[in-house]
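# Observations on chain architecture
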Amino acid sequence: MAQPILETRGLTIQFGAHVAVNGVDFTVAPQTFTSIIGPNGAGKTTFFNLLSGQLRPTGGTVAMNGRDITGLAVHERTRLGIGRSFQITNVFPNLTVLENVRMAAQAVGGGSFRLFSHYKKFKHYEEKARYLLAKVHLDGKSEQIAKNLSHGDKRKLEIAILLALEPKMLLLDEPTAGMSLEEVPAIIEVIRGLKESGEHTILLIEHKIDMVLDLSDQLAVLFNGRLLAHGTPEEIMSNELVQTAYLGGLYDDAVTG
Ligand SMILES: Nc1ncnc2c1ncn2[C@@H]1O[C@H](COP(=O)(O)OP(=O)(O)OP(=O)(O)O)[C@@H](O)[C@H]1O
C-alpha cells in the first residue's frame, strides 16, 4: 500500500500495573475509513489519546506520513492535521452556531479582528463557517444559540468546529454517544458525507455495529489493550478469534479485568 498516513509500532501505555494499550502495531492508509471496536475498557479511547497526544506512551511510537510524532504535543499534532472529537461536546454555549465555527476558522487562519480593515477577512471566515455548517447539515440553524441545540445538533456543531481546523485525519470518539435513537441517522449521514468527500482519513470509535459495518473500509478490534484483529469488515466478522472474544467468557474478563 501507499505510505500509511498513520503507523503505530509497539504502542503501549501502562497505568500502574494496568497495561491499557499493549504493543499495538497498526497502520492506516490515506483516505480510508477505519472503525475501532472492542468491549468497554478495551483501550479504544486511550488509544485515541495516544494518537492525538493527550497521553504519552510508556512504550512504542506513533508516526504520521513517515514522521515520528511520538514526542509532539497535542497542538503540534493538530497542526499536522490530526483532529480529534471527544465523547463530550465542546462548544461555546452562549455563542451562535455560526460564531462557534467562525471563531474556530479564525483561530486557524490567525490574526485578530478588532480592526475595521480586517472586515474582508472576517467575511472570508464567515463564508468558510457557512460552508462547513452545510457539510454537517446545520446550515438552517446558523443563528441559533449553541446551548439551545439538541444533543445531536451539538455533535454536528462539534464536527464543524473540528473541520474548521482542516484536519487530514479525523478521530471520532463515539459520535452517537448519548443521542436519542431518532438523532442517530442524521449524524451517520454527516459522517458518510465526510467519508464521501474524500478529503479525510477517518478513524471512528463506535459501539453501534450496524453503523460501523455500513461505513468502514477497515475494522480494528481492541481487546484488553491488544490489537486482536485488523481487516475488512468481512474478514473481521468471520474471524474466529473475534467471535470467540465477543461471544465467549473473554468478554466478561475484559469488562471486569
Ligand atoms: N488515566 C488513566 N489512569 C488509569 N487508568 C486508566 C486511565 N485511562 C484509562 N484507564 C484504564 O484503561 C482501560 C481502557 O480504558 P478506555 O477508556 O481506553 O477503554 P474504552 O475501550 O475506550 O472503553 P469504552 O468503550 O467504555 O469507552 C480502562 O480499564 C480504564 O480504566
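The shown structure was predicted, so the numbers you read here are calculated from the model rather than taken from an experiment.

## Some thoughts on the domain arrangement of the chain
Examined at the domain level, the chain breaks down into domain 1 (1–81 + 168–257) and domain 2 (90–166). Counting residues at the interface gives 10 residues for domain 1, matched by 11 residues for domain 2. Here the side of domain 1 that touches domain 2 takes 4 residues from helix α6 (residues 184–197), the largest share from any one element. Of the residues contributing to the side of domain 1 that touches domain 2, the split by class is 6 nonpolar, 3 polar and 1 charged.

## Structural notes on the site of the ligand
Neighbouring the ligand are the residues Phe15, His18, Ala20, Gly38, Asn40, Gly41, Ala42, Gly43, Lys44, Thr45 and Thr46. Sorting the residues of the shell around the ligand by element identifies β2 (18–28) and α1 (44–52) as the ones contributing at least two each.

## Notes on the sheet that holds strand β4 (residues 59–64)
Two pairing modes exist for strands in a sheet, parallel and antiparallel, and in both the strands are linked by backbone hydrogen bonds. Strand order in the open sheet formed by 4 strands is β2-β1-β4-β5, with antiparallel pairing between adjacent strands. Both edges of this open sheet fall to β2 and β5 (67–68), since each of them pairs with a single strand only. Direction of pairing for β4 relative to β5: antiparallel, over a ladder of 2 bridges. When the sheet's bridge partners are listed, methionine 64 is paired in β5 with arginine 67.

## Observations concerning the packing of helix α5 (residues 151–164) against α6
Relative orientation of the contacting elements α5 and α6 amounts to 15 degrees, with a least axis distance of 9 Å. Relative to α6, the element α5 is oriented roughly parallel. Crossing hand, α5 versus α6: right-handed. Seen from α5, the contacting residues are Gly152, Arg155, Lys156 and Ile159; seen from α6, they are Ala186, Ile187 and Val190. Taken together, the residues that form the contact of α5 with α6 break down as 4 nonpolar, 1 polar and 2 charged.

## What about α1?
Burial analysis of α1 places 7 of its 9 residues in the buried class, the great majority of the element. When we look at burial in α1, the residues that qualify are Lys44, Phe47, Phe48, Asn49, Leu50, Leu51 and Ser52. Downstream of α1 by one or two residues, glycine 53 has phi in the positive range, about 100 degrees.

## Brief notes about the environment of glutamine 106
When you line up the elements, glutamine 106 lands in helix α3 (residues 97–109). Sequence-wise, glutamine 106 and phenylalanine 122 are 16 residues apart; in three dimensions their C-alpha atoms are separated by 7.9 Å.

## With respect to the nonpolar core
One finds Val101, Leu133, Ala160, Val221 and Leu222 to be the most contacted residues of the largest nonpolar core, which totals 63 residues. Two domains each donate at least three residues to this core, and these are domain 1 (1–81 + 168–257) and domain 2 (90–166).

Quick notes on the rules
Residues numbered from 1 in each chain as written. Predicted model: local features only at pLDDT ≥ 70, side-chain atom pairs only at ≥ 80, totals over all residues. Domains from an automatic or database assignment. Contact = placed C-beta atoms within 7 Å. Helix = DSSP H or I, 4+ residues; strand = E, 2+ residues; numbered from the N terminus. Nonpolar A, V, L, I, M, F, W, Y, C, P; charged D, E, K, R; others polar. Near = placed C-beta within 6 Å. Pairing = 2+ DSSP bridges. Axes fitted to C-alpha atoms, helices over the stretch in contact; angles between N-to-C directions. Parallel < 35°, antiparallel > 145°, perpendicular 65-115°, else oblique. Left-handed = near helix turned anticlockwise from the far one by under 90°. Buried ≥ 20, exposed ≤ 12 C-beta atoms within 10 Å, placed from the backbone. Core = buried A, V, L, I, M, F, W, Y, C linked by C-beta atoms within 7 Å.

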